[in-house]
Amino acid sequence: MTSNPKAGDGSADEPGGGAGRHPGPPDDPPETEAERRRRRAVFLRELTEARELRERVQPRRTKERRMREAMRMRTFRI
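In this report, the structure presented in the accompanying data block is examined. Every residue gets a number counted from 1 within its own chain, in the order that chain's sequence is written. The predicted nature of this model means local features are confined to residues of pLDDT at least 70 and side-chain atom pairs, given and counted, to a pLDDT of 80 or more, with totals for whole chains, interfaces and linings taken over all residues. Each side-chain value is derived from all of the structure's non-hydrogen atoms; neither hydrogens nor water enter the calculation.

Further remarks concern the overall build of the protein. Helix and strand labels come from DSSP, where a helix needs a run of H or I of at least four residues and a strand needs a run of E of at least two; each type is numbered from the N terminus. When its secondary structure is counted, the protein shows 2 helices and 0 strands. Taken over 78 residues, the protein has a buried fraction of 3%. Method for areas: the Shrake-Rupley scheme with a 1.4 Å probe, in which residue coverage is limited to the protein chains shown. Of the accessible surface of the protein, which amounts to about 8,000 Å², a share of 54% is contributed by carbon and sulfur atoms. Only protein chains enter the calculation, and the probe is 1.4 Å; a residue is then buried if its accessible area is under 20% of its type maximum, exposed if over 50%, and partly exposed in between.

This is the structure we're talking about:
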């Protein structure tokens with residue numbers, strides 16, 4: 001997936017990494033609203049795709065989850 005193309009390898013030994021610092025050079029222009037919406041749309045699309053895949057791969061668990069959620073919703077109705 002390409003949800004985070006600038007992700008590192010997760011190593012804590014990366015130079016320049018510190019608490020409160022933002023990744024990338026300090027002269028990055030602030031993100032525009034259009035860029036933020038585009039990244040959010042990509043994220044939501046990938047999230048939906050992952051949920052659909054999970055439902056296909058684990059149909060029994062998905063059915064159980066739906067049943068539990070329905071039972072939970074019925075509990076709060078008057």
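Next comes the rest of the description.
It is worth spelling out the pattern of salt bridges at this point. Any carboxyl oxygen of Asp or Glu that lies within 4 Å of a side-chain nitrogen of Lys or Arg is treated as forming a salt bridge with it. As enumerated under the stated definition, the model contains 4 salt bridges in all. Across the pair Arg39 and Glu31 runs a salt bridge, and its minimum N-O distance is 2.6 Å. For Glu31, a relative accessible area of 42% puts it in the partly exposed group. Notably, a salt bridge pairs Arg65 with Glu69, separated by 4.0 Å at the nearest N-O pair. Of this pair, Arg65 and Glu69 both sit in helix H2 (residues 59–75), 4 residues apart, roughly one helical turn. Linked through salt bridges whose partners overlap, the residues forming this network are Glu33, Arg36 and Arg37.

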